[in-house]
Amino acid sequence: MKILVAVKRVVDFNVRIQVKADGSGVASDGVKMSMNPFDEIAVEEALRLKEAGKAEEVIAITIGPKASQEQLRTALAMGADRAIHVETDEDIQPLTAARILNAIIDKEEPKIVMLGKQAIDDDNNQTAQMLAALANWPQATFASQLEVDGDVANVTREVDAGLETIAVDLPAVISADLRLNEPRYVKLPDIMKAKRKPIDTFTLADLGVEAAASVKVLKTSAPATRQAGIKVETVDELVVALKERGLF
Amino acid sequence: MPEYKAPQRDMMFVLNDIINVSELAELPGFEDATPDIVQGVVDEAAKIIENTIAPLNETGDREGCRFDNGMVTAPAGFKEAYQLYSESGWTGLDKSIDFGGQGLPYTLATAVSDMLCAGNDAFSLYPGLTNGACEALMEHGSQELQDTYLEKLTTGEWTGTMCLTEPQAGSDLSQVRTRAIDQNDGTYLIEGTKIFITGGEHDFVDNIIHLVLARLPDAPAGVKGISMFVVPKFMVDSDGNPGARNPVVCASIEEKMGIHGSSTCVMSFENATGYLIGNANEGLRYMFTMMNLARLMVGLQGLGVAERATQGAIEYAKERKQATAINGGETIIHHPDVRRMLMTMKALTEGCRMVAYDTAKHYDISKAHPDESVRKTANDRVELMTPICKAFATDVGCEVASLGVLVLGGAGYIRESGMEQYIRDAKIFCIYEGTNTIQALDLVGRKMKMNLPQTFIKEMINDLAAESGNDELGFIVEPMQAALNLLDKTTQWLTAAALEDPQNPAATAVEYLTMYSLVTHGHFWIKAARAALAKQDDDFYKGKLATARFFTNKILPRIYGLAPVIMAGSESVMTAEEDWL
């Protein structure tokens with residue numbers, strides 16, 4: 001069984017985000033970039049399945065500019081067997097990402113596609129669901145526990161009401177939540193070995209996918225700084241003040 | 001205690017923009033040190049250090065090491081963290097691939113040590129001392145000794161020590177009395193007592209390999225009669241595994257001011273079996289192989305503690321509200337004197353990082369460059385910078401740790417803040433592996449005789465000439481011109497004054513080292529300012545340029561207080577007779 005794990009290059013979670021002066025986006029020049037933390041959990045889970053003898057091969061995939069290979073190298077250093085880089089400088093939105101992954105499914109025929117439940121840059125939380133629809137596969141999102149039993153995956157999901165356990169037939173799309181596992185520390189010799197593992201590169205054209213942006217970003221701006229509050233003497237004054245602001 | 005976050009932005013800035021680390025991959029043997037590997041190493045080392053080793057800094061300080069009947073137990077968590085660290089391959093980063101290392105440049109090991117020291121200075125000593133033992137065995141040990149010990153030391157499965165100091169032999173190793181008797185079977189019996197032995201005994205590993213300075217019965221007096229021996233805690237059997245216990249025992253551990261997580265042992269060699277390294281009576285030279293690297297390592301400990309104190313102080317100053325500042329700011333970071341302290345901390349810390357990494361790069365060139373003359377020039381730079389990296393960075397460690405407590409005010413004096421630990425930890429860095437006085441004497445003595453400080457002054461002056469047309473850098477270039485002229489003049493004065501009276505350099509060496517270090521920092525701040533100027537749309541580079549200005553206006557002028565002090569020589573220092581004190 002093959003597992004395909006999608007990883008995304010994002011600004012590291014420790015970095016204080018700066019909006020570019022012209023409002024065209026978020027500054028990423030010289031900023032520390034990392035693998036999306038939820039994707040790291042997805043990679044870890046795939047590796048654990050392989051180590052438990054449930055899978056034969058783990059393939060990491062990313063979509064993005066040349067530098068995204070750094071994140072593939074991280075996945076390879078963690079233990080993925082090989083990687084696929086769909087190289088593009090275009091802004092890739094969830095539907096495009098799902099179409100690309102669907103095209104790779106046709107090539108690789110994995111039994112499981114694992115992703116982080118969302119990426120911490122745009123927080124869309126859409127790619128896994130869209131991919132399941134395009135591939136016409138079952139989906140198990142927000143996984144906090146995963147057991148593979150033959151052709152079925154038993155997945156405990158974190159839902160609003162608590163935990164829900166479902167069984168999905170494989171092949172399936174599974175998205176990882178925070179508590180699924182704690183990713184391992186990469187060993188130095190594995191960083192070196194990762195350099196020698198293969199990365200296949202495709203363009204969007206190779207896969208017959210266009211980077212059609214269905215959502216257009218008009219402007220990016222930092223949240224307005226919070227204004228100082230006012231003090232009111234009585235409840236009546238409070239009600240008046242709230243009404244003036246249309247809050248009551 | 002403030003949480004440690006590896007300053008990866010600054011580290012990558014120094015690696016890429018200041019020392020151009022990518023050049024290392026062009027050296028034979030370092031082909032693997034490509035930019036992606038450099039980034040990967042820094043990223044992954046940062047994770048393991050931030051999450052598993054740094055959190056033990058405060059608990060290690062509180063708990064300390066425990067001694068019971070010859071056994072030493074390190075603070076809770078140290079053993080597990082060490083095992084994770086060594087099993088993840090980090091101890092072998094720059095060690096020979098022939099013995100299970102990764103063969104990466106020392107520069108990368110320096111970047112990792114920067115983080116390891118900042119994360120947990122006490123912890124960093126265990127792998128740090130092992131490095132020195134590896135280096136000495138690699139350079140001077142027989143094939144047999146290398147085959148027996150190097151792989152286990154490289155992988156960190158065993159640790160190493162440096163057993164030099166004895167009660168009567170501290171800075172003066174000519175006083176070493178530990179005896180070695182040739183058994184005429186390839187082994188020696190070692191008898192004597194060593195003190196202040198870092199990592200002499202602990203509970204992390206199956207075997208501890210001591211490198212011991214001792215005297216053969218017929219050895220000449222003084223440092224020319226010192227030999228170096230390998231003394232394992234457990235004899236190594238023919239399969240390479242620890243066997244019979246060798247009679248080298250830990251008699252006690254010291255109660256120290258700081259670095260409580262590091263075990264500092266009195267080691268008693270009771271006719272323990274040892275093996276001679278290299279030739280008899282050449283131990284001091286071999287010792288310097290360990291010592292030079294150990295000095296650079298201690299410099300990184302100074303840098304590390306400065307980084308950690310700076311992070312803690314900045315974090316606090318951004319949150320603590322106390323009296324509206326003149327500019328209307330509510331948090332104390334807006335108060336000019338708090339800002340002065342923070343900028344001082346930032347400028348000194350970042351300066352030390354630039355000098356340390358640059359020295360590391362020269363070390364790699366001195367080992368790996370195909371051209372012998374290039375190797376020699378690079379080695380000269382390492383020789384010159386070793387006392388500067390060691391002494392100035394550890395002085396900075398103390399100054400910055402002390403400012404760190406002050407920024408927090410009364411809260412800083414309270415243990416819970418975590419800031420006072422840095423002062424206690426930092427002081428030893430000025431003392432061990434050759435006190436900062438010894439470093440300064442090395443600079444004005446041996447290094448000055450080799451003409452090294454003078455040569456680098458010329459190099460700095462030449463580099464400066466290349467910048468003289470750059471108006472945007474004028475703010476630092478002009479003051480540096482004056483500073484270099486004064487340093488040159490002071491150096492010439494010192495050279496002449498040394499001939500008149502050797503007490504002149506001896507009494508002013510510490511001030512001279514500080515002056516030399518400040519100008520050296522200026523040399524690197526020009527590089528930093530040049531790199532930052534091009535990228536002024538980003539807060540990091542804005543901060544870098546602002547720090548270069550602060551250094552120029554507020555720190556570099558310290559030399560104008562030092563030059564006259566140096567040129568006043570030794571007279572007023574030595575006039576008072578012993579009984580007058």
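## Describing a negative patch on the surface
Residue and element names in this part refer to chain A.
Alright, step 1. Judged by side-chain charge, Asp-89, Glu-90, Asp-91, Asp-122 and Asp-123 come together as a negatively charged surface patch.
Alright, step 2. Relative to the helices and strands, Asp-89 resides in the loop between β5 (82-87) and α3 (94-108).
Alright, step 3. By relative accessible area, which is 72% here, Asp-89 ends up exposed.

## As for the interface of chain A and chain B
Alright, step 1. Counting residues at the interface gives 19 residues for chain A, matched by 26 residues for chain B.
Alright, step 2. Its largest share of buried area at the contact with chain B, chain A owes to A:Tyr185, A:Leu188 and A:Met192, together 33% of the area lost on that side.
Alright, step 3. With a shortest N-O distance of 3.5 Å, A:Arg16 and B:Asp539 are connected by a salt bridge.
Alright, step 4. Joining chain A to chain B, the criterion identifies seven residue pairs in polar contact (both at pLDDT 80 or more).
Alright, step 5. Of all elements in the fold, only α2 (69-78) and α5 (188-194) of chain A reach the threshold of two or more residues within the side of chain A that touches chain B.
Alright, step 6. The greatest single-element share of the side of chain A that touches chain B, amounting to four residues, is contributed by α5(A).
Alright, step 7. Looking at side-chain class alone, the side of chain A that touches chain B contains seven nonpolar, four polar and eight charged residues.

## What to know about the state of the cysteines
Alright, step 1. Summed over all chains, the structure comprises zero disulfides over all chains.
Alright, step 2. Free of any disulfide, B:Cys398 has its nearest cysteine sulfur in B:Cys430, 3.4 Å distant.

## With respect to the domain arrangement of chain B
Residues and elements named next belong to chain B.
Alright, step 1. As far as domains go, chain B holds domain 1 (8-66 + 73-153), domain 2 (160-281) and domain 3 (287-572).
Alright, step 2. Distance between the C-alpha centres of domain 1 and domain 3: 24 Å.
Alright, step 3. At the junction of the two partners, domain 1 supplies 40 residues and domain 3 supplies 44 residues.
Alright, step 4. A combined buried area of about 3700 Å² lies between domain 1 and domain 3, and 60% of that area is made up of carbon and sulfur atoms.
Alright, step 5. Where domain 1 packs against domain 3, one counts nine salt bridges.

## Focus on the pattern of salt bridges
Pairing is possible between side chains that carry opposite charge, provided their charged atoms lie close to one another.
Residue and element names in this part refer to chain B.
Alright, step 1. Enumeration over the complete set of coordinates arrives at 55 salt bridges over all chains.
Alright, step 2. The salt bridge involving Glu-282 is made with Arg-285; its shortest N-O contact spans 2.8 Å.
Alright, step 3. For Arg-340, the salt bridge goes to Asp-337, with nearest N and O atoms at 2.5 Å. Placement of the pair is Arg-340 and Asp-337 together in helix α9 (residues 336-368), with a separation of three residues, close to one helical turn.
Alright, step 4. Judged by its relative accessible area of 39%, Arg-340 falls in the partly exposed class.
Alright, step 5. When its relative accessible area of 41% is taken as the criterion, Asp-337 is described as partly exposed.
Alright, step 6. One salt-bridge network, held together by shared partners, links Asp-10, Asp-114, Glu-307, Lys-346, Glu-350, Arg-353 and Lys-544.

## Concerning the sheet that holds strand β9 (residues 162-169) of chain A
Two pairing modes exist for strands in a sheet, parallel and antiparallel, and in both the strands are linked by backbone hydrogen bonds.
Residue and element names in this part refer to chain A.
Alright, step 1. Reading across the sheet, the nine strands line up as β9-β8-β7-β10-β6-β1-β4-β5-β11 and stay open at both edges, with mixed pairing between neighbours. Single-partner strands in this sheet number two, and they are β9 and β11 (199-202). Here the average twist between neighbouring strands, direction ignored, is 30°.
Alright, step 2. Here α2 sits on the sheet in contact with β4 (57-64), β5 and β11, set at roughly 165° to β5.

## Overview of the packing of aromatic side chains
Residues and elements named next belong to chain B.
Alright, step 1. According to the stated counting rule, one finds 14 aromatic pairs over all chains in the structure shown.
Alright, step 2. Taken together, a centroid distance of 6.4 Å and an interplanar angle of 50° make the contact between Tyr-82 and Phe-123 tilted. With a gap of 41 residues between them, Tyr-82 in helix α4 (residues 78-87) and Phe-123 in helix α6 (residues 121-140) connect regions that are remote in the sequence.
Alright, step 3. Residue classification places Tyr-82 among the buried residues on the basis of a relative accessible area of 1%.
Alright, step 4. Under the relative-accessibility criterion, Phe-123 is labelled buried at 0%.
Alright, step 5. Sitting over the face of the ring of Phe-234, Arg-245 holds its NZ or CZ atom 5.4 Å from the ring centroid.
Alright, step 6. Sitting above the plane of the Phe-475 ring, Arg-549 keeps its charged end 4.2 Å from the centroid.

## What to know about the side chain of B:Ser86
Residues and elements named next belong to chain B.
Alright, step 1. Take Ser-86: it is sitting in helix α4.
Alright, step 2. Taking the relative accessible area as the measure of exposure, Ser-86 reaches 10% and is therefore buried.
Alright, step 3. For Ser-86, the side chain forms a polar contact with the main-chain oxygen of Gln-83, separated by 3.3 Å.
Alright, step 4. Dropping the residues within four chain positions of it, Ser-86 is found in contact with Thr-91, Thr-155 and Gly-156.

## Considerations on the pairing of strand β3 (residues 159-163) of chain B
All names here are of chain B.
Alright, step 1. Counting buried residues in β3 gives five out of five residues, a clear majority hidden from the surface.
Alright, step 2. Residues Thr-159, Thr-161 and Cys-163 of β3 are buried on one face, and the alternating residues Gly-160 and Met-162, pointing to the opposite face, are buried as well.
Alright, step 3. The sheet contact formed by β3 and strand β6 (residues 208-214) spans five bridges and is parallel. Directly across from Thr-161, in β6, lies its bridge partner His-210.

## A short note on the nonpolar core
Alright, step 1. The biggest cluster of nonpolar side chains holds 236 residues, and the ones touching the most others in it are A:Met114, B:Ile49, B:Trp90, B:Tyr512 and B:Tyr516.
Alright, step 2. Considering each element in turn, this core owes the most residues, 17 residues, to helix α8 (residues 283-319) of chain B.
Alright, step 3. If near-sequence neighbours (up to four positions away) are discounted, B:Ile49 is found in contact with B:Tyr4, B:Ala54, B:Pro55, B:Tyr85, B:Val112, B:Met115, B:Leu116 and B:Gly119.

## What about the environment of B:Ile326?
Alright, step 1. Structurally, B:Ile326 can be placed in the loop between α8 and α9.
Alright, step 2. B:Ile326 sits in the exposed class, given a relative accessible area of 82%.

Scoring rules and cut-offs
- Residues numbered from 1 in each chain as written.
- Chains lettered and ligands numbered in written order.
- Predicted model: local features only at pLDDT ≥ 70, side-chain atom pairs only at ≥ 80, totals over all residues.
- Heavy atoms only, no water.
- Patch = residues over 30% accessible without salt bridge, like charges linked within 9 Å, V, L, I, M, F, W, Y side chains within 5 Å.
- Areas by Shrake-Rupley, 256 points an atom, 1.4 Å probe, with all protein chains shown as cover.
- Salt bridge = Lys/Arg side-chain N within 4 Å of Asp/Glu carboxyl O.
- Lys, Arg positive; Asp, Glu negative; His and termini not counted.
- Charge placed at Lys NZ, Arg CZ, Asp CG, Glu CD.
- Helix = DSSP H or I, 4+ residues; strand = E, 2+ residues; numbered from the N terminus.
- Buried < 20%, exposed > 50% of the residue type's maximum accessible area, 1.4 Å probe, protein only.
- Contact = heavy atoms within 4.5 Å.
- Buried area = accessible area lost by both parts, 1.4 Å probe.
- Polar contact = N/O pair within 3.5 Å; in protein donor to acceptor, adjacent residues only side chain to side chain.
- Nonpolar A, V, L, I, M, F, W, Y, C, P; charged D, E, K, R; others polar.
- Disulfide = S-S within 2.5 Å.
- Domains from an automatic or database assignment.
- Pairing = 2+ DSSP bridges.
- Axes fitted to C-alpha atoms, helices over the stretch in contact; angles between N-to-C directions.
- Phe/Tyr/Trp six-rings, centres within 6.5 Å; stacked < 30°, edge-to-face > 60°.
- Lys NZ or Arg CZ within 6 Å of the ring centre and 35° of its normal.
- Core = buried A, V, L, I, M, F, W, Y, C linked by side-chain atoms within 4.5 Å.

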